[in-house]
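# Inside the fold
One-letter residues, chain by chain:
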Amino acid sequence: MISPEARIGQVRLRVSDMQKSVQFYESVLGLKQITESPEKTLLSPNGKIPYLIALTKSKKELDLAQRKRLGLYHFAILLPERKYLADFFVHLQEQKNEARIDGFADHAVSEAIYVRDPDYNGIEIYRDRPRSEWVWNENKVHMATNPLRAEDLLKESTGRWNRMPDRTTIGHIHLHVSSIPKAEKFYSEILGFSQTAAFPGAAFFGAGGYHHHIAANTWLGENALPVSKDIPGLDYFTIELPDRTSLQNTITNLSDNKIATRESAVGRFVQDPDQIQIQVYSKQPSVF
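Residues numbered from 1 in each chain as written. Predicted model: local features only at pLDDT ≥ 70, side-chain atom pairs only at ≥ 80, totals over all residues. Heavy atoms only, no water.

## Topic: the overall build of the chain
What the chain contains, in helices and strands, is five helices and 18 strands. Relative to its length of 288 residues, the chain is compact, with a C-alpha radius of gyration of 18 Å against a globular reference of 19 Å. Principal-axis analysis of the C-alpha atoms places the extent of the chain at approximately 55 × 50 × 40 Å. Here the chain holds 288 residues, and the buried ones make up 54% of them. Partitioning the intrachain contacts of the chain with sequence separation of at least 6 by distance along the chain shows that 69% fall at a separation of at least 24. (Helix = DSSP H or I, 4+ residues; strand = E, 2+ residues; numbered from the N terminus. Rg over C-alpha atoms; globule rule 2.2 N^0.38 Å. Buried < 20%, exposed > 50% of the residue type's maximum accessible area, 1.4 Å probe, protein only. Contact = heavy atoms within 4.5 Å.)

Listed below in C-alpha coordinates is the structure:
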(Lines give C-alpha, C1' and ligand atoms only; values in the text may rest on other atoms or scores of the structure.)
Protein backbone atom coordinates (compact mmCIF):
# COMPACT_ATOMS: atom_id res chain seq x y z
CA MET A 1 0.00 0.00 0.00
CA ILE A 2 1.11 3.55 -0.69
CA SER A 3 1.60 5.83 2.31
CA PRO A 4 -1.75 6.96 3.79
CA GLU A 5 -0.33 10.50 3.64
CA ALA A 6 0.11 10.38 -0.15
CA ARG A 7 -1.63 13.17 -2.01
CA ILE A 8 -1.65 14.93 -5.37
CA GLY A 9 0.94 17.73 -5.30
CA GLN A 10 0.89 19.73 -8.53
CA VAL A 11 -0.37 19.67 -12.10
CA ARG A 12 1.75 20.74 -15.06
CA LEU A 13 -0.14 21.74 -18.20
CA ARG A 14 0.87 22.61 -21.75
CA VAL A 15 -1.00 25.65 -23.08
CA SER A 16 -1.17 27.22 -26.54
CA ASP A 17 -1.27 30.88 -25.49
CA MET A 18 0.55 31.72 -22.26
CA GLN A 19 -0.89 35.21 -21.90
CA LYS A 20 -4.47 34.06 -22.42
CA SER A 21 -4.04 31.15 -20.00
CA VAL A 22 -2.45 33.27 -17.28
CA GLN A 23 -5.31 35.75 -17.64
CA PHE A 24 -7.80 32.92 -17.12
CA TYR A 25 -6.05 31.36 -14.13
CA GLU A 26 -5.66 34.72 -12.46
CA SER A 27 -8.94 36.53 -13.23
CA VAL A 28 -11.33 33.56 -13.34
CA LEU A 29 -9.78 31.13 -10.86
CA GLY A 30 -8.05 33.61 -8.60
CA LEU A 31 -4.53 32.13 -8.64
CA LYS A 32 -1.40 34.30 -8.57
CA GLN A 33 1.80 34.10 -10.60
CA ILE A 34 5.04 33.11 -8.89
CA THR A 35 7.11 33.28 -12.06
CA GLU A 36 6.40 34.93 -15.38
CA SER A 37 7.91 34.20 -18.78
CA PRO A 38 6.71 33.50 -22.33
CA GLU A 39 7.54 29.81 -21.90
CA LYS A 40 6.63 28.89 -18.32
CA THR A 41 4.58 30.16 -15.39
CA LEU A 42 4.02 28.88 -11.86
CA LEU A 43 0.76 29.63 -10.06
CA SER A 44 -0.29 29.40 -6.42
CA PRO A 45 -3.04 30.86 -4.23
CA ASN A 46 -0.80 33.62 -2.84
CA GLY A 47 1.93 34.04 -5.47
CA LYS A 48 4.46 32.13 -3.35
CA ILE A 49 6.01 28.66 -3.34
CA PRO A 50 4.67 25.99 -3.12
CA TYR A 51 2.93 26.18 -6.47
CA LEU A 52 -0.16 24.24 -7.52
CA ILE A 53 -0.14 24.60 -11.31
CA ALA A 54 2.69 24.95 -13.79
CA LEU A 55 1.97 26.21 -17.30
CA THR A 56 4.39 25.61 -20.18
CA LYS A 57 4.12 26.56 -23.84
CA SER A 58 2.99 23.72 -26.10
CA LYS A 59 4.86 22.98 -29.31
CA LYS A 60 1.65 22.96 -31.36
CA GLU A 61 -1.60 24.90 -31.26
CA LEU A 62 -4.89 23.53 -30.01
CA ASP A 63 -6.63 21.29 -32.55
CA LEU A 64 -10.26 20.80 -31.55
CA ALA A 65 -10.48 17.79 -33.85
CA GLN A 66 -7.93 16.03 -31.62
CA ARG A 67 -9.65 16.67 -28.28
CA LYS A 68 -10.89 13.06 -28.06
CA ARG A 69 -7.57 11.95 -26.61
CA LEU A 70 -6.29 9.96 -23.64
CA GLY A 71 -4.89 12.00 -20.77
CA LEU A 72 -6.61 14.66 -18.71
CA TYR A 73 -10.36 14.54 -18.04
CA HIS A 74 -10.04 17.15 -15.31
CA PHE A 75 -7.88 18.16 -12.38
CA ALA A 76 -9.59 19.23 -9.19
CA ILE A 77 -8.79 22.20 -6.99
CA LEU A 78 -9.88 21.60 -3.39
CA LEU A 79 -11.05 24.61 -1.38
CA PRO A 80 -10.68 24.39 2.42
CA GLU A 81 -14.21 25.52 3.37
CA ARG A 82 -17.68 25.60 1.87
CA LYS A 83 -17.94 29.41 2.10
CA TYR A 84 -15.11 29.70 -0.43
CA LEU A 85 -17.01 27.53 -2.92
CA ALA A 86 -20.04 29.77 -2.42
CA ASP A 87 -17.91 32.88 -3.01
CA PHE A 88 -16.40 31.30 -6.13
CA PHE A 89 -19.89 30.48 -7.41
CA VAL A 90 -20.86 34.16 -7.15
CA HIS A 91 -17.56 35.23 -8.73
CA LEU A 92 -18.03 32.79 -11.62
CA GLN A 93 -21.40 34.29 -12.49
CA GLU A 94 -19.66 37.65 -12.79
CA GLN A 95 -16.95 36.07 -14.97
CA LYS A 96 -19.22 33.90 -17.11
CA ASN A 97 -18.25 35.71 -20.30
CA GLU A 98 -14.61 34.75 -19.60
CA ALA A 99 -15.16 31.16 -18.52
CA ARG A 100 -16.51 27.99 -20.10
CA ILE A 101 -18.78 26.58 -17.40
CA ASP A 102 -19.31 22.82 -17.71
CA GLY A 103 -21.71 22.35 -14.83
CA PHE A 104 -22.38 21.96 -11.14
CA ALA A 105 -22.77 18.79 -9.05
CA ASP A 106 -23.29 17.33 -5.61
CA HIS A 107 -21.18 14.16 -5.33
CA ALA A 108 -22.35 13.18 -1.80
CA VAL A 109 -18.78 13.44 -0.50
CA SER A 110 -18.29 16.87 -2.04
CA GLU A 111 -19.85 19.78 -3.94
CA ALA A 112 -18.29 20.83 -7.24
CA ILE A 113 -18.21 23.41 -10.01
CA TYR A 114 -16.75 22.48 -13.40
CA VAL A 115 -15.07 24.86 -15.86
CA ARG A 116 -12.60 24.69 -18.74
CA ASP A 117 -9.52 26.78 -19.41
CA PRO A 118 -8.81 28.40 -22.83
CA ASP A 119 -7.35 25.09 -24.11
CA TYR A 120 -10.40 23.13 -22.90
CA ASN A 121 -8.50 21.53 -20.02
CA GLY A 122 -11.13 20.39 -17.55
CA ILE A 123 -11.04 21.87 -14.05
CA GLU A 124 -13.15 21.00 -11.02
CA ILE A 125 -13.38 23.45 -8.13
CA TYR A 126 -14.80 21.69 -5.07
CA ARG A 127 -15.14 21.44 -1.34
CA ASP A 128 -15.30 18.24 0.69
CA ARG A 129 -18.06 17.43 3.10
CA PRO A 130 -16.73 16.41 6.54
CA ARG A 131 -15.50 12.82 6.52
CA SER A 132 -18.08 12.01 9.20
CA GLU A 133 -20.75 12.55 6.51
CA TRP A 134 -19.20 10.17 3.97
CA VAL A 135 -21.03 6.86 3.69
CA TRP A 136 -18.88 3.74 3.34
CA ASN A 137 -19.98 0.21 2.52
CA GLU A 138 -16.98 -1.78 3.72
CA ASN A 139 -14.10 -0.32 1.68
CA LYS A 140 -16.19 1.51 -0.94
CA VAL A 141 -17.44 5.07 -0.51
CA HIS A 142 -20.81 6.28 -1.75
CA MET A 143 -20.43 8.92 -4.47
CA ALA A 144 -23.10 10.25 -6.81
CA THR A 145 -23.74 12.96 -9.37
CA ASN A 146 -26.72 14.95 -8.18
CA PRO A 147 -27.71 18.55 -8.88
CA LEU A 148 -25.88 21.14 -6.80
CA ARG A 149 -28.23 22.90 -4.38
CA ALA A 150 -27.11 26.36 -5.39
CA GLU A 151 -29.54 28.29 -3.21
CA ASP A 152 -28.38 26.44 -0.11
CA LEU A 153 -24.72 26.92 -1.07
CA LEU A 154 -25.15 30.65 -1.64
CA LYS A 155 -26.36 31.12 1.95
CA GLU A 156 -22.72 30.71 2.99
CA SER A 157 -21.29 33.27 0.60
CA THR A 158 -19.40 36.14 2.20
CA GLY A 159 -19.66 38.15 -1.02
CA ARG A 160 -15.89 38.40 -1.29
CA TRP A 161 -13.65 36.61 -3.79
CA ASN A 162 -10.20 38.12 -4.21
CA ARG A 163 -8.15 34.98 -4.78
CA MET A 164 -7.91 31.31 -3.91
CA PRO A 165 -7.52 30.85 -0.12
CA ASP A 166 -4.10 29.87 1.25
CA ARG A 167 -5.06 26.30 2.19
CA THR A 168 -6.19 25.47 -1.35
CA THR A 169 -4.67 22.25 -2.75
CA ILE A 170 -4.92 19.94 -5.74
CA GLY A 171 -7.43 17.47 -4.38
CA HIS A 172 -7.48 14.86 -7.15
CA ILE A 173 -6.93 14.21 -10.81
CA HIS A 174 -9.27 12.39 -13.23
CA LEU A 175 -7.88 10.75 -16.36
CA HIS A 176 -9.09 9.42 -19.69
CA VAL A 177 -7.57 5.93 -20.06
CA SER A 178 -7.86 3.08 -22.53
CA SER A 179 -8.61 0.27 -20.07
CA ILE A 180 -10.07 0.18 -16.56
CA PRO A 181 -8.47 -3.20 -15.70
CA LYS A 182 -5.05 -1.81 -16.67
CA ALA A 183 -5.68 1.33 -14.64
CA GLU A 184 -6.77 -0.76 -11.65
CA LYS A 185 -3.63 -2.87 -11.84
CA PHE A 186 -1.31 0.13 -12.12
CA TYR A 187 -2.87 2.59 -9.67
CA SER A 188 -4.08 0.06 -7.11
CA GLU A 189 -1.95 -3.09 -7.30
CA ILE A 190 1.35 -1.44 -8.28
CA LEU A 191 1.24 2.15 -6.96
CA GLY A 192 -0.77 1.01 -3.96
CA PHE A 193 -3.81 3.30 -3.86
CA SER A 194 -7.00 1.68 -2.54
CA GLN A 195 -9.85 1.37 -5.00
CA THR A 196 -12.60 3.36 -3.30
CA ALA A 197 -15.41 3.31 -5.87
CA ALA A 198 -16.39 2.07 -9.32
CA PHE A 199 -18.97 3.17 -11.87
CA PRO A 200 -19.63 1.96 -15.43
CA GLY A 201 -16.41 2.73 -17.28
CA ALA A 202 -14.73 4.40 -14.30
CA ALA A 203 -12.68 3.57 -11.20
CA PHE A 204 -11.56 5.70 -8.25
CA PHE A 205 -8.44 5.36 -6.10
CA GLY A 206 -7.48 6.99 -2.81
CA ALA A 207 -4.99 6.85 0.06
CA GLY A 208 -5.54 7.27 3.78
CA GLY A 209 -9.32 6.86 3.60
CA TYR A 210 -9.81 9.73 1.13
CA HIS A 211 -12.66 9.32 -1.36
CA HIS A 212 -10.24 9.56 -4.29
CA HIS A 213 -6.94 11.11 -5.28
CA ILE A 214 -6.99 9.57 -8.77
CA ALA A 215 -9.86 8.56 -11.04
CA ALA A 216 -9.81 6.90 -14.45
CA ASN A 217 -12.50 6.50 -17.08
CA THR A 218 -12.94 5.03 -20.57
CA TRP A 219 -15.81 7.33 -21.56
CA LEU A 220 -14.05 8.42 -24.76
CA GLY A 221 -14.49 4.89 -26.13
CA GLU A 222 -12.19 2.65 -28.13
CA ASN A 223 -11.29 5.29 -30.73
CA ALA A 224 -9.62 7.71 -28.32
CA LEU A 225 -6.33 9.09 -29.62
CA PRO A 226 -3.12 8.33 -27.71
CA VAL A 227 -1.38 10.78 -25.39
CA SER A 228 0.51 13.53 -27.22
CA LYS A 229 3.40 15.51 -25.73
CA ASP A 230 3.19 18.32 -28.31
CA ILE A 231 -0.32 19.72 -28.04
CA PRO A 232 -2.06 21.52 -25.16
CA GLY A 233 -3.06 19.25 -22.30
CA LEU A 234 -1.62 17.45 -19.31
CA ASP A 235 2.17 17.26 -19.20
CA TYR A 236 2.31 15.43 -15.89
CA PHE A 237 0.91 15.40 -12.37
CA THR A 238 2.77 14.75 -9.14
CA ILE A 239 2.20 12.44 -6.18
CA GLU A 240 3.65 13.81 -2.96
CA LEU A 241 4.83 11.31 -0.35
CA PRO A 242 5.61 12.28 3.26
CA ASP A 243 9.24 11.11 3.47
CA ARG A 244 12.10 9.47 1.60
CA THR A 245 11.28 6.04 3.03
CA SER A 246 7.79 6.20 1.50
CA LEU A 247 9.31 7.32 -1.81
CA GLN A 248 11.85 4.49 -1.80
CA ASN A 249 9.13 1.95 -1.00
CA THR A 250 7.10 3.19 -3.99
CA ILE A 251 10.12 3.11 -6.30
CA THR A 252 10.98 -0.41 -5.13
CA ASN A 253 7.43 -1.57 -5.77
CA LEU A 254 7.53 -0.12 -9.28
CA SER A 255 10.86 -1.84 -9.95
CA ASP A 256 9.58 -5.17 -8.60
CA ASN A 257 6.73 -4.92 -11.12
CA LYS A 258 9.18 -4.12 -13.93
CA ILE A 259 7.90 -0.55 -14.29
CA ALA A 260 10.70 1.74 -15.48
CA THR A 261 11.30 5.05 -13.69
CA ARG A 262 13.40 8.07 -14.60
CA GLU A 263 15.23 10.17 -12.05
CA SER A 264 14.26 13.84 -11.66
CA ALA A 265 15.58 16.66 -9.52
CA VAL A 266 13.19 15.85 -6.67
CA GLY A 267 12.04 12.25 -7.26
CA ARG A 268 11.21 9.89 -10.10
CA PHE A 269 9.07 9.99 -13.22
CA VAL A 270 6.95 7.02 -14.20
CA GLN A 271 4.35 6.43 -16.91
CA ASP A 272 1.03 4.65 -16.49
CA PRO A 273 -0.12 2.09 -19.11
CA ASP A 274 -1.33 4.94 -21.38
CA GLN A 275 1.97 6.86 -21.13
CA ILE A 276 0.48 9.49 -18.83
CA GLN A 277 3.43 10.96 -16.95
CA ILE A 278 3.57 11.03 -13.14
CA GLN A 279 6.27 12.38 -10.87
CA VAL A 280 6.56 10.88 -7.39
CA TYR A 281 8.59 12.78 -4.80
CA SER A 282 9.07 13.10 -1.06
CA LYS A 283 9.18 16.86 -0.62
CA GLN A 284 7.64 19.92 -2.19
CA PRO A 285 9.43 20.76 -5.47
CA SER A 286 10.37 24.39 -5.94
CA VAL A 287 11.28 24.17 -9.64
CA PHE A 288 10.02 22.31 -12.70
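So much for the structure itself; the text now carries on.
## A few points about the confidence of the model for the chain
Scored by pLDDT, the chain has a mean of 94; 98% of the residues are at 70 or more. Note on residues 284-288: pLDDT under 50 across the span, and 20 contacts to partners over four residues away in sequence or across chains. (pLDDT = per-residue confidence, 0-100.)

## Topic: the sheet that holds strand S17 (residues 267-271)
The eight strands lie next to each other as S2-S3-S4-S1-S15-S18-S17-S16, forming an open sheet whose pairing is mixed. Of all strands in the sheet, those with a lone pairing partner are strand S2 (32-33) and strand S16 (261-263), marking the two edges. In this sheet, strand S4 (residues 53-57) lies alongside strand S1 (residues 7-15) in parallel orientation, the contact comprising five bridges. Following the sheet pairing, Leu13 is matched in S4 by Leu55. Strand contacts of helix H1 (residues 18-28): S1, S2, strand S3 (40-44) and S4, with the helix running at about 160 degrees to S4, the strand carrying the most contacts. (Pairing = 2+ DSSP bridges. Axes fitted to C-alpha atoms, helices over the stretch in contact; angles between N-to-C directions.)

## Re the packing of aromatic side chains
If you walk through the whole model with that rule in mind, you get nine aromatic pairs. Judged by centre distance (4.9 Å) and plane angle (90 degrees), the rings of Phe186 and Tyr187 are edge-to-face. We note that Phe186, like Tyr187, is buried. Cluster of aromatic residues (ring-pair linked, three or more members): Phe186, Tyr187 and Phe205. Looking at Arg100, its charged tip hangs above the ring of Tyr120, at a distance of 4.3 Å from the centre. (Phe/Tyr/Trp six-rings, centres within 6.5 Å; stacked < 30°, edge-to-face > 60°. Lys NZ or Arg CZ within 6 Å of the ring centre and 35° of its normal.)

## Considering the environment of Glu240
Looking at the element boundaries, Glu240 is found in strand S15 (residues 233-240). A sequence separation of 237 residues divides Glu240 from Ser3, and the C-alpha atoms of the two residues are 9.8 Å apart. Engagement of the side chain of Glu240 in a polar contact is seen with the side chain of Tyr281, the distance being 3.0 Å. (Polar contact = N/O pair within 3.5 Å; in protein donor to acceptor, adjacent residues only side chain to side chain.)

## Structural notes on H1
Buried within H1 are the following residues: Met18, Ser21, Val22, Phe24, Tyr25 and Val28. Measuring from the backbone nitrogen of Gln19 back to the side-chain oxygen at the start of H1 gives 3.2 Å, which picks out Asp17 as the cap. Phi turns positive, to about 85 degrees, at Gly30, one or two residues after H1.

## Some points on the nonpolar core
Core analysis: the biggest nonpolar cluster contains 62 residues, and Tyr25, Leu29, Ile53, Phe75, Phe237 and Ile239 have the highest contact counts within it. In this structure Leu29 touches Phe24, Ile77, Phe88, Val115, Ile123, Ile125, Trp161 and Met164, once residues within four positions along its chain are discounted. Grouped together as the second largest cluster of nonpolar side chains are 15 residues, Ala76, Tyr114, Met143 and Tyr210 included. (Core = buried A, V, L, I, M, F, W, Y, C linked by side-chain atoms within 4.5 Å.)

## Describing the environment of Pro232
Summarising the element assignment, Pro232 is placed in the loop between strand S14 (214-217) and S15. In this structure Pro232 comes out as buried when scored by relative accessible area, which is 10%. A sequence separation of 172 residues divides Pro232 from Lys60, and the C-alpha atoms of the two residues are 7.4 Å apart. Residues contacting Pro232, with those up to four places away along its chain left out, are Arg14, Val15, Ser16, Ser58, Lys60, Glu61, Leu62 and Asp119.

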